[in-house]
Amino acid sequence: MFETLSEPAPDKILALMAMYRADDRPTKIDLGVGVYKDARGVTLVMRAVKAAEARILKDQESKSYTGLAGDPAYAEAMIGLLLGAEAPRERLAAVATPGGTGAVRQAFELVKMARPGGVVWYSEPTWPNHVSILNYLGLEARPYRYFDEASGEVDAAGMLAALEAVGEGDVVLLHGCCHNPTGANLTGADWDRVVALLNAKGALPMVDIAYQGFGDGLEADALGLRTIVAGCPEALIAASCSKNFGIYRERAGLLVALAADAAGAKLAQGNLAFLNRQNYSFPPDHGARVVTEILTDEALRADWQEELEQMREGMLALRQQLADELRRLTNSDRFDFVARHRGMFSRLGLTPDEVTRLREEHAVYMVGDSRINIAGLNAETVPVLAKAIASVI
Ligand code: LMR
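A short note on the overall build of the protein chain
Alright, step 1. Within the protein chain, the secondary structure is distributed over 14 helices and 13 strands.
Alright, step 2. Computed over the C-alpha atoms, the radius of gyration of the protein chain is 21 Å, within 12% of the 21 Å expected from 2.2 N^0.38 for a compact globule of 393 residues.
Alright, step 3. Residues counted as buried form 54% of the 393 residues belonging to the protein chain.
Alright, step 4. Treating the 40 positive side-chain charges of the protein chain as one cloud and the 52 negative ones as another, the clouds have centres 2 Å apart.

This is the structure we're talking about:
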């Protein structure tokens, strides 16, 4: 029967990873997939994660099933991290998922159950897998304007104008912080306007937050999400622990549904557990347990936050260095936005041809839309990259 299948469309981020691995030039630079790397190019296990894992290895007495929603302590700890002390707990349903992608997938599945044929609006551009999953599930995916290529900043007025077309019951997908792929983010005032507009339209916000702590800090990065939760009757939140805990392969994510009232939350909780059961039964537990250990232990949490801050500050320093270097070499402010962007990514605004030349002539690997992963750089490779960019533009 398999002969009836056709080749799936390649994922451009994962295809780039394979190309990078196959390149044997020693000077190659990987600015592709969104994985944090230190100055030596290594994705180390964070100190607090190591300590939590050692504790789990010593103390865990059973590996029997948790619940369909995962360990409730994980959901509580993560809700605290995401939403703070003000979280309207009685209106929330939450399930553990295999990574942030699992949360995105389950959120879309819930939308499909609640609104067959529903419309989901996504920022243009967005993480390509958002659109891919929507298409796969048969939900209607519609883009809204987000990014101004010319300035490298958010086009907030254009975004609000585009969202005027949103219908009642439509879902609007937003990036909580550290927008992927552009690095350009909404301001606090923009979030307020988005909330007012979505409420006026009767639309449901869905916030994908995969980089909390990588932008302006753990609390500041949750501001948009908290504005949504404080101001909207209903919302969906897909959170990932892959990046900020550095536990990519452990697949720890959380899907939260904010309902209008406690009865709605109970209904959502039951349906989310049902969806987990249909798709993979019990969600993975190890990564979630590591996160719970860290978030609920004062010393581990402080150590994790300290290391996360160092990572964040390192990325900011690289941003500044790259912006300065490009300013010097191009004698223009064209790339100044790199220093203003936040998170792992910046979209540089290079043409596909320039991106190809960077790869072929300079062994610099970035996604075809000219998204770079800032953490793929270090103080020595920033000037190399800047020089290569200046030579192809
Ligand atoms: C990325 O955008 O590079 C990351 O989110 C990794 C992925 O799964 O695509």
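Let us keep going from here.
Side note on empty space enclosed by the protein
Alright, step 1. Counted according to the given criterion, the structure contains 3 cavities of 30 Å³ or more.
Alright, step 2. Each pocket or cavity is described by its volume, and for the largest cavity that value is around 40 Å³.
Alright, step 3. Along the walls of the largest cavity sit Ser-123, Tyr-144, Tyr-146, Met-159, Leu-174, His-175, His-179 and Leu-186, which together make up its complete lining.
Alright, step 4. Of the residues that constitute the lining of the largest cavity, the class distribution is 5 nonpolar, 3 polar and no charged.

Considering the side chain of Asp-336
Alright, step 1. Topologically, Asp-336 is positioned in the loop between helix 11 (298-330) and helix 12 (337-340).
Alright, step 2. Among the residues examined, Asp-336 registers a relative accessible area of 17% and is labelled buried.
Alright, step 3. Those residues in contact with Asp-336 that sit more than four places away from it in its chain are Ala-323 and Arg-327.

Focus on the domain arrangement of the protein chain
Alright, step 1. Assigned domains within the protein chain: domain 1 (11-45 + 310-392) and domain 2 (65-296).
Alright, step 2. Just the C-alpha atoms count here: the centres of domain 1 and domain 2 sit 27 Å apart.
Alright, step 3. At the interface, 22 residues of domain 1 touch 25 residues of domain 2.
Alright, step 4. Of the roughly 1,800 Å² buried where domain 1 meets domain 2, counting both sides, 55% is carbon and sulfur surface.
Alright, step 5. Here Glu-153 makes a salt bridge to Arg-340, at a shortest N to O gap of 2.5 Å.
Alright, step 6. The tally of links from domain 1 across to domain 2 stands at 11 residue pairs in polar contact (both at pLDDT 80 or more).
Alright, step 7. Taken together, the elements giving at least two residues each to the side of domain 1 that touches domain 2 come down to helix 1 (12-22), helix 11, helix 12 and strand 11 (345-347).
Alright, step 8. Tallied by class, the residues present in the side of domain 1 that touches domain 2 amount to 8 nonpolar, 6 polar and 8 charged.

Thoughts on the pattern of salt bridges
Alright, step 1. Inspection of every chain in the model, using the stated rule, returns 26 salt bridges.
Alright, step 2. Taking the shortest distance from any N to any O, the salt bridge between Arg-105 and Glu-109 comes out at 2.9 Å. Highlighted residues: Arg-105 and Glu-109, both in helix 4 (residues 99-114), separated by 4 residues, approximately one helical turn.
Alright, step 3. Under the relative-accessibility criterion, Glu-109 is labelled buried at 14%.
Alright, step 4. Residue Asp-369 pairs with Arg-347 through a salt bridge whose shortest N-O separation is 3.0 Å. One end of the pair, Asp-369, is in the loop between strand 12 (364-365) and strand 13 (371-373); the other, Arg-347, is in strand 11, and 22 residues separate them in sequence. Both residues of the pair, Asp-369 and Arg-347, count as buried.
Alright, step 5. Residues joined by salt bridges that share partners form a network here, namely Arg-47, Asp-303 and Glu-307.

Examining the site of the ligand
Alright, step 1. As a structural note, the neighbourhood of the ligand is formed by Ile-13, Val-33, Gly-34, Trp-127, Asn-180, Tyr-211, Lys-243 and Arg-371.
Alright, step 2. Within the side chain of Trp-127, an N or O atom sits 3.0 Å from an oxygen atom of the ligand.
Alright, step 3. A distance of 2.9 Å is found between an oxygen atom of the ligand and a side-chain nitrogen or oxygen belonging to Asn-180.
Alright, step 4. Across the complex, the protein chains shield 80% of the 260 Å² of accessible surface that the ligand would expose by itself.
Alright, step 5. A class-by-class count of the residues in the shell around the ligand yields 4 nonpolar, 2 polar and 2 charged.
Alright, step 6. Each of domain 1 (11-45 + 310-392) and domain 2 (65-296) gives at least three residues to the shell around the ligand.

Some thoughts on helix 5 (residues 128-137)
Alright, step 1. Of the positions making up helix 5, those classed as buried are Asn-129, His-130, Val-131, Ile-133, Leu-134 and Leu-137.
Alright, step 2. Buried residues in helix 5 make contact with helix 4, strand 3 (119-124), strand 4 (140-145), strand 7 (171-175) and strand 8 (204-209).
Alright, step 3. Positioned one or two residues after helix 5, Gly-138 has a phi angle of 75 degrees, which is positive.

A short note on the side chain of Thr-330
Alright, step 1. Note on placement: Thr-330 falls in helix 11.
Alright, step 2. Leave out the neighbours within four places in its chain, and Thr-330 touches Phe-335, Ala-390 and Ile-393.

A closer look at helix 6 (residues 156-163)
Alright, step 1. When helix 6 is considered as a whole, its buried residues turn out to be Ala-156, Gly-158, Met-159, Leu-160 and Leu-163.
Alright, step 2. Those residues of helix 6 that are buried are in contact with strand 4, strand 6 (153-154), strand 7 and helix 7 (188-201).

Reading the values: the criteria
Residues numbered from 1 in each chain as written. Predicted model: local features only at pLDDT ≥ 70, side-chain atom pairs only at ≥ 80, totals over all residues. Heavy atoms only, no water. Helix = DSSP H or I, 4+ residues; strand = E, 2+ residues; numbered from the N terminus. Rg over C-alpha atoms; globule rule 2.2 N^0.38 Å. Buried < 20%, exposed > 50% of the residue type's maximum accessible area, 1.4 Å probe, protein only. Lys, Arg positive; Asp, Glu negative; His and termini not counted. Charge placed at Lys NZ, Arg CZ, Asp CG, Glu CD. 1 Å grid on protein atoms, 1.4 Å probe; cavity = no way out; pocket = protein on both sides within 12 Å on 5 of 7 lines; lining within 4 Å. Points joined across faces, edges and corners; volume = space filled by probe spheres on them. Nonpolar A, V, L, I, M, F, W, Y, C, P; charged D, E, K, R; others polar. Contact = heavy atoms within 4.5 Å. Domains from an automatic or database assignment. Buried area = accessible area lost by both parts, 1.4 Å probe. Salt bridge = Lys/Arg side-chain N within 4 Å of Asp/Glu carboxyl O. Polar contact = N/O pair within 3.5 Å; in protein donor to acceptor, adjacent residues only side chain to side chain. Near = heavy atom within 4 Å. Areas by Shrake-Rupley, 256 points an atom, 1.4 Å probe, with all protein chains shown as cover.

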